[in-house]
Amino acid sequence: MHLPTYQEAKTMDKKNYEKKEFFLNPKLVHRYHGTYHLKTYGCQMNEHDSENIKAMLEELGFTQVDDYEKADVVLLNTCSIRENANNKAFGMLGRLKHLKDENKDIVVGLCGCMAQEEKVIHDILEKYQWINFVVGTHNLYQLPEIIAKVLESKEQQIEVFSREQDLVESLPVKRDNPYSAYVNIIYGCDKFCTYCIVPYTRGRQRSRAKEDILKEVHQLIKDGYQEVILLGQNVNAYGKDLNDNYDLATLLEEIAKTTIPRIRFVTSHPWDFTKEMIEVISKYDNICPSIHLPVQSGSNKVLKLMGRRYTKEQYIALFDELKKKKKNCAISTDIIVGFPNESDEEFQDTLDLVDYCQFDNAFTFIYSPRYGTPAAKMKDNISKEVKEARLQKLNEKVNQYFLKNNQALIGKTVDVLVMGKSEKKDGLFYGYTDTMKLINFKGENENIGKIVSVKVLDAKTWSLDGEIANG
Ligand code: 5AD
Ligand code: SF4
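S.K.: Can you explain the nonpolar core? Please cite residues and give values.
M.R.: Counting 57 residues, the largest nonpolar core has I255, F265, F273 and Y315 as the members making the most contacts within it. It is helix α8 (residues 248–256) that provides the largest number of residues to this core, a total of six residues. If near-sequence neighbours (up to four positions away) are discounted, F265 is found in contact with L230, V235, L248, L252, F273, I281, I287 and I291.

Here it is, written out as structure tokens:
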């Protein structure tokens, strides 16, 4: 049994990472015949991990079911970014406990960021002994063996390394989307923003070798994918740990020179955004004009307390440069309200920044103290009611700009990667513009999986309506 400790997770000594190839013991291949249900919480990195988990479980012989009550193995791929993410997973565990009371043979496991939380593991050891296994983010590749051990020994297995281990390549993957593919380029984060638990749960930054990334992209092109989404907690730090003068700019350029029609990348930390990156983004049309650039706050004092390493003025300079250089660039952001002791004036600075930037999309959150982070130790005098009112005010403002930006597209023709038939709107198809806007439109079956021109007819806050453009 390995248990996580934050003390160890926090250590920042340089370490050389070995590259390791995933290997599944041939004895385990299709050894089992049951069903599994996987629930995924959180970000795109978790969604992509789930694509690996599904493939590993299917190599063991399990088949996926939508109804968790019908599954032999139920796995929760958890998120711990805010307290309500933890609460959701604990709520699901409550439901699974009932199921387990009725059928003790069901295997329940937990992985993802919560598995790396020291406090969560202590709770599991004390109060959730019925959970069959916990596997951490650093050793997810061991999942097949851990499940095999559980099935054979019936003993609880908790394997969570405190710190990142080797970088594992060639994990099997069962992709959810046949046209758009996630590609990890960097794991972990070294920024240690004072509110954020990610550096503790995902470890320090480790970049994948460029050869492995390019190999994956070439394979995706062969498989007919139209889009790659390069993933990392902070993709702009790509290569910093490799010391070979290869960074996000050079990686993006190399990928842009392939025939992949669309390239996206998330998430960008403004501090690591270089001029070279902006040049490359501006130069290639297959790099989508859509950048997710979290600002978090418009107040310099709050930004400093958050440990974000930039001022409002520096953020705006970067924002302006991107807008100037990259044609029709849509910029989205993340904003936290109610950071400890955020004053009315400081909140107003955030509103003013939103008025300036007029973001195309924004994910807004109330600050949530995360155990073990520096901000969680800050005394906070702002009430929950004030924070909720601020969030509401902020949401009203960001929504106005989403609508305004969408309305500006009415009458224009946009390129859309068509994902399929709309589930909600009968007879319509849906897809995403290169600026990441959802559009429902009148089209044909044959449009699915292709990039087509669509004329925008109407705009709402969260989506556009259109029809296939003639000629
Ligand atoms: N409380 C609220 N929001 C948070 N985020 C990260 N940590 C916290 C926290 N403790 C938000 C940030 C980040 C996004 C992924 O989640 O805005 O960019
Ligand atoms: Fe968290 Fe900051 Fe790293 Fe983003 S950059 S994952 S907010 S520590």
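S.K.: Quick rundown of the site of ligand 2? Include the residues and the values.
M.R.: In the vicinity of ligand 2, the residues found are C189, K191, F192, C193, Y195, C196, V198, P199, Q233, H269 and R308. Considered class by class, the residues forming the shell around ligand 2 number seven nonpolar, two polar and two charged.

S.K.: Can you tell me about the domain arrangement of the protein chain, naming the residues and giving the values?
M.R.: By the assigned domains, the protein chain splits into domain 1 (6–159), domain 2 (167–407) and domain 3 (413–468). Taking the mean C-alpha position of each, domain 1 and domain 2 sit 27 Å from one another. The interface is formed by 39 residues belonging to domain 1 together with 37 residues belonging to domain 2. Between domain 1 and domain 2, roughly 3,900 Å² of surface is buried when both sides are summed, and carbon and sulfur atoms account for 56% of that area. For the interface between domain 1 and domain 2, the tally reads five salt bridges. Taking the shortest distance from any N to any O, the salt bridge between K174 and E58 comes out at 3.1 Å.

S.K.: Tell me about the packing of helix α2 (residues 44–60) against helix α5 (residues 143–153), residues and numbers included.
M.R.: Two numbers describe how α2 lies on α5: the axes approach to 9 Å, and their chain directions differ by 50°. It follows that α2 is oblique to α5 by the angle criterion. Considering how the two elements wind past one another, α2 and α5 form a crossing that is right-handed. When α2 is examined against α5, the residues I53, M56, L57 and L60 are found in contact with a partner set consisting of L143, P144 and I147. For the contact of α2 with α5, the residue count by class is seven nonpolar, no polar and no charged.

S.K.: Can you lay out the pattern of salt bridges for me, pointing to particular residues and giving the numbers?
M.R.: The full count for this structure, using the stated rule, is 34 salt bridges. In this structure, E152 and R31 form a salt bridge, with 3.1 Å as the shortest nitrogen-oxygen distance. Of this pair, E152 sits in helix α5 while R31 is found in the loop between β1 (19–21) and β2 (35–40), placing the two residues 121 residues apart along the sequence. Look at R31 and you get partly exposed, because its relative accessible area is 38%. Across the salt bridge formed by K324 and E321, the nearest N and O atoms sit 3.9 Å from each other. Placement of the pair is K324 and E321 together in helix α11 (residues 312–325), with a separation of three residues, close to one helical turn. A residue is classified by how much of its surface remains accessible, and K324, at 65% relative accessible area, is exposed.

S.K.: So, the sheet that holds strand β12 (residues 227–231): which residues are in play, and what are the values?
M.R.: Strand order in the open sheet made by the three strands is β9-β12-β13, with parallel pairing throughout. Where the open sheet ends on each side, the last strands, each with one partner, are β9 (180–184) and β13 (262–266). Averaged over all neighbouring strand pairs, the angle between strand axes comes to 25°, with direction disregarded. Pairing analysis gives five bridges linking β12 to β13, with the strands arranged parallel. Residue pairing for β13: L230 is matched across the bridge by F265.

S.K.: Talk me through the site of ligand 1; I want residue IDs and the actual numbers.
M.R.: The full set of residues close to ligand 1 is I81, R82, Y195, Q296, D334, I336, F365, I366, Y367, S368 and R370. Within the backbone of S368, an N or O atom sits 2.7 Å from a nitrogen atom of ligand 1. Within the complex, 86% of the 400 Å² of free accessible area of ligand 1 lies under protein. Where the shell around ligand 1 is concerned, the elements lending two or more residues are β15 (330–337) and β16 (361–366). Along the lines of polarity and charge, the residues of the shell around ligand 1 split into six nonpolar, two polar and three charged.

S.K.: I'd like a description of the packing of α8 against helix α9 (residues 275–283), backed by residues and values.
M.R.: Two numbers describe how α8 lies on α9: the axes approach to 8 Å, and their chain directions differ by 15°. Classified by the interaxial angle, the pair formed by α8 and α9 is roughly parallel. You can see that α8 and α9 cross each other, and the crossing is left-handed. In this structure, α8 contributes L248, A249, L252 and E253 to the contact, and α9 contributes E276, M277, V280, I281 and K283. Across the contact of α8 with α9, the residue classes tally to six nonpolar, no polar and three charged.

S.K.: Pulling in residues and values, what's your account of the side chain of K387?
M.R.: Its location among the elements puts K387 in helix α13 (residues 384–407). For K387, the residues in contact, after removing those within four places along its chain, are V337, G338, I366, Y367, D380 and I382.

S.K.: Can you explain the state of the cysteines? Please cite residues and give values.
M.R.: In the structure shown here, the tally under the stated rule is zero disulfides. C79 takes part in no disulfide bond, and the closest cysteine sulfur, belonging to C113, lies 6.1 Å away. According to the relative accessible area criterion, C79 is buried, its value standing at 11%. Here C357 is not disulfide-linked; the sulfur of C329 is the nearest cysteine sulfur, at 12 Å. On the basis of relative accessible area, C357 is assigned to the buried category, the value being 4%.

S.K.: Explain the packing of aromatic side chains to me, using residue names and the numbers behind them.
M.R.: For the structure on display, the rule yields 13 aromatic pairs. Pairing F339 with Y367 gives two aromatic rings, centres 5.3 Å apart and planes at 65°, and the pair type is edge-to-face. Placement of the pair is F339 in the loop between β15 and α12 (344–357) and Y367 in the loop between β16 and α13, with a sequence separation of 28 residues. Exposure remark for F339: the relative accessible area of 0% places this residue in the buried category. Counting every residue linked through ring pairs, the aromatic cluster contains Y310, Y315, F319 and F359. Note that K119 overlies the ring of Y371, its terminal NZ or CZ placed 5.5 Å from the centroid. Its guanidinium or amino end placed over the ring of Y246, K210 lies 4.6 Å from that ring's centre, counting from NZ or CZ.

Thresholds applied
Residues numbered from 1 in each chain as written. Chains lettered and ligands numbered in written order. Predicted model: local features only at pLDDT ≥ 70, side-chain atom pairs only at ≥ 80, totals over all residues. Heavy atoms only, no water. Core = buried A, V, L, I, M, F, W, Y, C linked by side-chain atoms within 4.5 Å. Buried < 20%, exposed > 50% of the residue type's maximum accessible area, 1.4 Å probe, protein only. Helix = DSSP H or I, 4+ residues; strand = E, 2+ residues; numbered from the N terminus. Contact = heavy atoms within 4.5 Å. Near = heavy atom within 4 Å. Nonpolar A, V, L, I, M, F, W, Y, C, P; charged D, E, K, R; others polar. Domains from an automatic or database assignment. Buried area = accessible area lost by both parts, 1.4 Å probe. Salt bridge = Lys/Arg side-chain N within 4 Å of Asp/Glu carboxyl O. Axes fitted to C-alpha atoms, helices over the stretch in contact; angles between N-to-C directions. Parallel < 35°, antiparallel > 145°, perpendicular 65-115°, else oblique. Left-handed = near helix turned anticlockwise from the far one by under 90°. Pairing = 2+ DSSP bridges. Polar contact = N/O pair within 3.5 Å; in protein donor to acceptor, adjacent residues only side chain to side chain. Areas by Shrake-Rupley, 256 points an atom, 1.4 Å probe, with all protein chains shown as cover. Disulfide = S-S within 2.5 Å. Phe/Tyr/Trp six-rings, centres within 6.5 Å; stacked < 30°, edge-to-face > 60°. Lys NZ or Arg CZ within 6 Å of the ring centre and 35° of its normal.

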